[in-house]
Structure formats: C-alpha cells, structure tokens
Amino acid sequence: MGMARRVFIFGFALLLGACAADRSQMGLHPEAVNIGTTHEIFAVSNRVEPDAGVLGPDRGSELAFLRADVSVPPNRDPGSTKANFRNPNPERHFVVAAQDRLPNETAFKQELRDRLQRLPVDARETTLFVHGYNTSHAEGLYRLTQVQHDLEPPGVPVLFSWPSAARLVGYAYDHDSMIFSRDALQETLFTLTSVAPKRTLLVAHSMGAMLSMEALRQIETERPGWSQRNLAGVVLIAPDIDIDVFLSQIQRFKPLPQPFLIFVSDQDKALEVSGLINGRPQRLGRTKDIEALRDYPILVIDISEFADGRNADHFTVGTSPEL
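Criteria and cut-off values
Residues numbered from 1 in each chain as written. Predicted model: local features only at pLDDT ≥ 70, side-chain atom pairs only at ≥ 80, totals over all residues. Heavy atoms only, no water. Salt bridge = Lys/Arg side-chain N within 4 Å of Asp/Glu carboxyl O. Helix = DSSP H or I, 4+ residues; strand = E, 2+ residues; numbered from the N terminus. Buried < 20%, exposed > 50% of the residue type's maximum accessible area, 1.4 Å probe, protein only. pLDDT = per-residue confidence, 0-100. Contact = heavy atoms within 4.5 Å. Arc of directions from axis to C-beta. Polar contact = N/O pair within 3.5 Å; in protein donor to acceptor, adjacent residues only side chain to side chain. Pairing = 2+ DSSP bridges. Axes fitted to C-alpha atoms, helices over the stretch in contact; angles between N-to-C directions. Core = buried A, V, L, I, M, F, W, Y, C linked by side-chain atoms within 4.5 Å. Patch = residues over 30% accessible without salt bridge, like charges linked within 9 Å, V, L, I, M, F, W, Y side chains within 5 Å. Areas by Shrake-Rupley, 256 points an atom, 1.4 Å probe, with all protein chains shown as cover. Lys, Arg positive; Asp, Glu negative; His and termini not counted. Charge placed at Lys NZ, Arg CZ, Asp CG, Glu CD. Phe/Tyr/Trp six-rings, centres within 6.5 Å; stacked < 30°, edge-to-face > 60°.

(A) Focus on the pattern of salt bridges. Here the structure, examined in full by the defined rule, presents ten salt bridges. For R115, the salt bridge identified is with E111, shortest N-O distance 2.9 Å. With R115 and E111 both in helix α2 (residues 105-117) and four residues apart, this pair spans about one turn of that helix. Take R115: its relative accessible area is 13%, and that puts it in the buried class. According to the relative accessible area criterion, E111 is partly exposed, its value standing at 22%. Residue R199 is joined to E125 by a salt bridge in which the shortest nitrogen-to-oxygen separation is 3.2 Å. With R199 in the loop between α5 (182-195) and β6 (200-205) and E125 in the loop between α2 and β4 (126-130), the pair connects residues that are 74 residues apart, well separated along the chain. The class for R199 is partly exposed, based on a relative accessible area of 27%. Exposure remark for E125: the relative accessible area of 24% places this residue in the partly exposed category. The network of salt bridges with shared partners includes E40, R67, D69, D100, E111 and R115.

(B) Spatial organisation of the confidence of the model for the chain. For the chain, mean pLDDT is 86; residues scoring 70 or higher make up 82% of the total. Taken as a whole, residues 1-20 scores under 50 in pLDDT and shows 20 contacts with residues more than four places along the chain or in a different chain.

(C) Examining helix α4 (residues 171-180) more closely. Taken as a whole, α4 has its buried residues at Y171, D174, S177 and M178. Considered in projection along α4, the buried side chains sweep an arc of 120° and stay on one side of the axis.

(D) Structural context of the side chain of R67. Positionally, R67 belongs in strand β2 (residues 59-72). We classify R67 as buried; its relative accessible area is 11%. In this structure the side chain of R67 is engaged in a polar contact, spanning 2.8 Å, whose partner is the side chain of D69. When residues no more than four places from it in sequence are discounted, the contact partners of R67 are E40, I41, F42, A98, Q99, D100, E111 and R115.

(E) Expanded view of unusual backbone geometry. Here K254 and P255 are connected by a cis peptide whose omega angle stands at -5°. In this structure, P255 sits in the loop between α8 (243-250) and β8 (260-264). Cis geometry is found at the peptide bond from Q258 to P259, where omega equals -5°. Assignment of secondary structure puts P259 in the loop between α8 and β8. The residue K198 is not glycine, and still its phi comes out positive at about 65°. On the secondary structure map, K198 appears in the loop between α5 and β6. Despite not being glycine, S206 has its phi angle at roughly 60°, a positive value.

(F) View of the sheet that holds strand β1 (residues 37-47). Read from one edge to the other, the open sheet built from nine strands follows the order β3-β2-β1-β5-β4-β6-β7-β8-β9, with strand pairing classed as mixed. Two strands lie at the open edges of the sheet, namely β3 (95-102) and β9 (299-302), each paired on one side alone. Each adjacent strand pair in this sheet contributes to an overall mean axis angle of 20°, direction not counted. Most of the contacts of α2 go to β1, to which it runs at about 150°, and overall it touches β1, β2, β3, β4 and β5 (156-161).

(G) Here's a closer look at the nonpolar core. In this structure, L236 and F246 are the most contacted members of the largest nonpolar core, which totals 52 residues. Here this core takes eight residues from helix α6 (residues 207-222), the largest share from any one element. If we ignore the near neighbours within four places in the chain, the residues touching F246 are M213, L236, I241, F260, I262, L284, L293 and I298. Ranked by size, the runner-up nonpolar core spans 25 residues in total, among them L55, A138, Y142 and V203.

(H) Quick look at a negative patch on the surface. Side chains of E62, D183, E187 and E222 sit close together on the surface and give a patch of like negative charge. Residue position: E222 is located in helix α6.

(I) Structural view of the packing of aromatic side chains. A full pass over the atoms with the stated rule returns seven aromatic pairs. Between F65 and F108, the ring centres sit 5.1 Å apart and the planes meet at 40°, which makes this aromatic pair tilted. With F65 in strand β2 and F108 in helix α2, this residue pair connects regions lying 43 residues apart in the sequence. Residue F108 is classed as buried on the basis of its relative accessible area of 0%. Taken together through their ring pairs, the aromatic side chains of F42, F65 and F108 make up a single cluster.

Here's what the structure looks like:
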C-alpha cells in the first residue's frame with residue numbers, strides 16, 4: 001500500500017474519532033422522559049448479553065427481543081445523534097430511558113400487533129432497520145430514533161442489532177459477524193412479515209446492506225418470489241457491497257421487491273476506505289459504480305451534493321438537515 005493511502009486511512013481513523021469509552025455500555029436514565037422526547041423502539045438481536053441490559057459484540061445463537069424508550073435531547077441539531085458513554089446528560093445526549101427484554105418471539109409479535117392496532121389503518125407498517133459496521137447496540141438504537149424523530153416515517157420502528165465489534169479496527173470481525181447473522185436476520189424478517197405482511201419495509205445501511213442482501217438471497221433461494229410477496233420495499237443506504245457481488249445477489253430475485261431504492265454518493269469517505277481495505281474500490285454505494293444497474297428496476301438516488309465534508313458523509317440521508 002502506498003504512503004498516500006496509509007496516510008489517508010490514518011487520517012480517516014482520526015476523523016471518525018475512535019472512542020476510548022466502551023460503547024457497548026448503556027445505562028438506563030428514567031429521568032430522561034421528563035427532559036427529552038421519547039420514542040419507542042423495538043429491537044431483535046443476536047448479540048450476547050454479558051451484563052444485565054447490555055448487548056455486547058459477542059455472537060449469540062439465540063435471538064433476543066426487546067423494547068426500548070429512547071430519549072432525544074431538547075435543542076439539538078437535526079441529524080445529530082450526540083451520545084456520551086461515560087457521563088451521559090439527557091439534556092444534551094441521546095439516552096435510553098427504559099429497556100425491557102420480552103420473554104420470547106410470541107410476546108414480541110403480540111407487542112407489535114398491539115402497537116400497530118393503535119395506528120391509523122394506512123400507517124400500520126413496520127420498518128426494519130439494519131445498522132452498519134462499527135455500531136454498538138446503543139448506537140443502533142440512537143440512529144433509528146434520530147431517523148424517527150427527524151423524518152417522522154409512519155409505522156413501528158424495529159432495529160435488527162447484529163454483533164458489530166463497535167471498533168474502528170474491527171472491520172474483519174464485523175464482516176464475519178455479518179455472515180454469521182444471515183440466519184438471524186432471515187428469522188427476524190419472517191417474524192415481522194407474519195405480523196405485517198406486505199407492510200414491512202427493509203432499510204439497511206453500509207455493511208448492514210450486505211447482510212440484508214445476503215439474507216434475502218438466501219430466502220429467495222429457498223422460497224422464490226418471497227421478497228416481492230412479503231416486503232413493502234427495500235432501501236439500501238450507502239451499501240458497502242462489491243458491485244459484482246450485488247449483481248450476483250439480485251439474480252436470485254424474480255422479481256425484485258418494489259420499490260427498491262439505493263442511496264449513493266461520491267463523497268462517502270467510509271466507502272472509499274472500504275474499497276482500500278477490500279482491495280477493490282467498486283462499491284455499490286459510490287456514484288461512479290452504479291452504471292451497471294441501469295437495466296434493473298432499481299431507483300438510484302445520488303445525494304452527493306448534500307455531503308457537508310464533516311465526519312465520513314456515510315449516513316447523509318439521516319444527517320443532512322437540507323436533505
């Protein structure tokens with residue numbers, strides 16, 4: 001690797017700011033319900049729970065079903081998910097006010113049905129969000145809560161929290177965890193679509209997009225046409241997928257679920273680094289690599305102009321106030 005690339009990767013590491021605090025820690029702050037705006041977020045996870053209430057980076061063989069109340073601090077900038085894992089302050093930071101572990105899948109489905117029944121008929125939807133690389137369980141909750149708060153999508157939000165190491169240097173571990181989690185995500189999709197058939201939207205970010213496509217490809221191999229029959233659509237945000245791999249994945253779909261959206265940007269520094277790590281710069285989420293999708297029923301949305309040059313511009317869909 002050339003010196004310029006080494007310098008770039010080192011600078012990128014500094015740019016993201018590898019946090020010294022343990023980002024898997026997630027204390028509960030019930031006082032936040034009187035300070036910020038609280039959102040109810042459901043979650044399914046195959047992370048191991050080393051301590052009560054904490055879902056860490058280790059891989060588990062069983063699914064955990066959870067319900068959390070996440071507080072958005074007052075007077076924050078739209079798009080921000082400011083957190084502090086040492087000394088959180090609900091006046092300034094996203095915090096979890098409460099989290100309950102549901103006993104089993106049956107209880108989880110009943111909770112979902114109850115929430116959906118409270119909504120207007122045309123809003124009885126679920127959105128399953130699959131987070132990306134370098135993300136703790138708490139950060140996945142905060143990101144989904146931020147999207148709910150700022151964009152106000154209809155329906156019930158559900159996080160699929162897979163066992164990311166939540167470390168900048170954990171790319172290889174996260175990639176293996178992504179492969180490990182295909183069956184767990186498949187089971188989660190079956191659970192959600194049994195509650196809300198054709199009303200479940202799958203939204204995936206970064207490496208979570210690769211996990212989602214692998215799980216859907218696996219389902220399509222076993223049950224051709226399942227995605228089109230059961231999903232309300234698929235949205236991939238800054239997908240960290242090799243373009244050739246993606247083209248091979250979608251060959252299993254007959255047809256692709258609709259709508260099928262991909263958000264891309266030529267300003268995404270994280271995908272640029274991913275290309276260097278993988279030894280191949282062609283990533284699905286980069287603008288220059290989408291010409292190969294022209295013949296498929298896929299809506300590609302270029303959000304390059306909304307990048308602000310801060311951090312990695314890897315989640316511009318959610319962080320840009322203008323967008």
